[in-house]
Amino acid sequence: MEALEEDNKVLFLSCADSTNTWLKEQILKQALSCAAVFAGRQTAGRGRHGRHWESPEGGLYLSISFPFENQNFPPIFSCVAAGVAIAGILRREPYTADVFLKWPNDIFAGGRKLCGMLSELVTAPGIAPHVVIGIGLNVNAKVVTADSLYEAVSLFELKGHEFDVRLLAEQIVSEFRREWRNTVEFGTEQLISHWCALSETPGAHVEVLQDENRFAGYCVGVSDAFELIVENENGSRRFSAGDCRTLRQP
Ligand code: BTN
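Everything numeric in this text was worked out from a predicted model, so none of it was measured.

Participant: What exactly am I supposed to notice about the packing of helix 3 (residues 76-91) against helix 6 (residues 188-197) here?
Facilitator: When two helices pack together, you describe them by how their axes are tilted relative to each other and by the distance separating the axes. Across the interface, helix 3 lies against helix 6 with an axial gap of 10 Å and an inter-helix angle of 45°. Between helix 3 and helix 6, the interaxial angle falls into the category oblique. The element helix 3 and its partner helix 6 pack so that their crossing is left-handed. In this structure, helix 3 contributes Phe77, Val80, Ala81 and Val84 to the contact, and helix 6 contributes Thr188, Leu191, Ile192, His194 and Trp195. Its residues placed into classes, the contact of helix 3 with helix 6 shows seven nonpolar, two polar and no charged.

Participant: What am I meant to see in the nonpolar core here?
Facilitator: Judged by nonpolar contacts, the single largest core of 61 residues is most densely connected at Leu60, Leu62, Ile135, Leu137 and Leu168. At eleven residues, the largest contribution of residues to this core is made by helix 3. Within the second largest apolar cluster, seven residues are counted, among which are Leu23, Val37, Ile127 and Val132.

Participant: Would you explain the site of the ligand in this entry?
Facilitator: In the vicinity of the ligand there are 20 residues, among which Ser18, Gln42, Arg46, Arg48 and Lys113 approach most closely. Take glutamine 42: an N or O atom from its side chain is 2.9 Å from a nitrogen atom of the ligand. A distance of 2.6 Å is found between an oxygen atom of the ligand and a side-chain nitrogen or oxygen belonging to lysine 113. For the shell around the ligand, the leading source of residues is strand 6 (residues 112-124), giving four residues. Class assignment for the residues of the shell around the ligand results in six nonpolar, ten polar and four charged.

Participant: What's the story with the packing of aromatic side chains in this structure? I'm lost.
Facilitator: Aromatic rings in a pair are described by how distant their centres are and how their planes are angled relative to each other. Taken as a whole, this structure holds 13 aromatic pairs when the rule is applied. Plain terms: the ring middles of phenylalanine 176 and tryptophan 180 are 6.1 Å apart, the flat faces sit at 20° to each other, and that makes the pair stacked. You can see phenylalanine 176 and its partner tryptophan 180 sitting in helix 5 (residues 165-186), four residues apart, about one turn around the helix. Judged by relative accessible area, tryptophan 180 falls into the buried class, the value being 2%.

Participant: Please explain the packing of helix 5 against helix 6 as it appears in this structure.
Facilitator: One can describe the packing of helix 5 onto helix 6 by two numbers: an axis separation of 7 Å at closest approach and a directional angle of 135°. The angle between helix 5 and helix 6 falls in the class oblique. In contact with Glu179, Thr183 and Phe186 of helix 5, helix 6 contributes Thr188, Leu191 and His194. The residue inventory of the contact of helix 5 with helix 6, partitioned by class, reads two nonpolar, three polar and one charged.

Participant: Explanation requested: the side chain of lysine 102 in the structure shown.
Facilitator: Within the secondary structure, lysine 102 is located in strand 4 (residues 99-102). Ignoring any residue separated from it by four or fewer positions in sequence, one finds lysine 102 in contact with Phe108, Tyr150, Trp195, Ser199, Thr201, Cys244 and Thr246.

Participant: How do you make sense of unusual backbone geometry when you look at a structure like this?
Facilitator: Keep in mind that most residues, glycine aside, have a negative phi and that most peptide bonds are trans. The step from glutamate 93 to proline 94 runs through a cis peptide bond, and the omega angle for that step is 0°. Looking at the secondary structure, you find proline 94 in the loop between helix 3 and strand 4. At aspartate 211, a residue that is not glycine, the phi angle is positive and equals roughly 55°. Checked against the element boundaries, aspartate 211 lands in the loop between strand 8 (205-210) and strand 9 (213-222). Aspartate 211 gets classed as exposed once you look at its relative accessible area, which sits at 77%.

What counts, and where the lines are drawn
Residues numbered from 1 in each chain as written. Predicted model: local features only at pLDDT ≥ 70, side-chain atom pairs only at ≥ 80, totals over all residues. Heavy atoms only, no water. Axes fitted to C-alpha atoms, helices over the stretch in contact; angles between N-to-C directions. Helix = DSSP H or I, 4+ residues; strand = E, 2+ residues; numbered from the N terminus. Parallel < 35°, antiparallel > 145°, perpendicular 65-115°, else oblique. Left-handed = near helix turned anticlockwise from the far one by under 90°. Contact = heavy atoms within 4.5 Å. Nonpolar A, V, L, I, M, F, W, Y, C, P; charged D, E, K, R; others polar. Core = buried A, V, L, I, M, F, W, Y, C linked by side-chain atoms within 4.5 Å. Buried < 20%, exposed > 50% of the residue type's maximum accessible area, 1.4 Å probe, protein only. Near = heavy atom within 4 Å. Polar contact = N/O pair within 3.5 Å; in protein donor to acceptor, adjacent residues only side chain to side chain. Phe/Tyr/Trp six-rings, centres within 6.5 Å; stacked < 30°, edge-to-face > 60°.

This is the structure we're talking about:
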């Protein structure tokens, strides 16, 4: 825990292929453990489900790592903690953006995607398992390209001016470390309730996409394992993975 507190500093790179890949390599070489790395742009940014993450100059590309051992909850909760930390920061001064969390780990504003997260577990013989969370946040882009699933938006588009992307990265790292310490100390129940308070997914009509399958229904909430619970006329289903789209009420 003390190590987490000491490691709020961020390494700044002008360019990386992918900050997640870079940090994973450092962990495997045992050069870094509890660390954070930011890149000004990425040449091979990776999104969830093997998708590409467009990473031009002006965006925030940040990866945070820490050892993940002997926890009685799964690594997905690291992204839940990151989402709560980032949404909290973005709602406050100087950002004051009207953002919402969307299951499983996106941040949306005005129905468009502002931020995505990719968490990866690094394991190798002789090395403690580590989690790497990658955060991609559209900050100063004037025009953002839509990804294959969602329309995108940037903080610049929302607020009409640029922000200090490095300062934001430092704020995210320190707020995430704080949120994660609380989760390790007090458990996931409080984290889930913070997530629900910042999310529009519970109480919405949604469509969950898993490979080729789609399931539409009303989201009644998330389980204590952070599964999405969706009900329709055919019954109730729980999803532990997939993409989720918010639908207009039928
Ligand atoms: C998503 O598909 O929504 C997740 C996108 C995650 C992108 C970030 S950018 C920093 C880190 N490095 C990567 O290659 N991906 C993550």
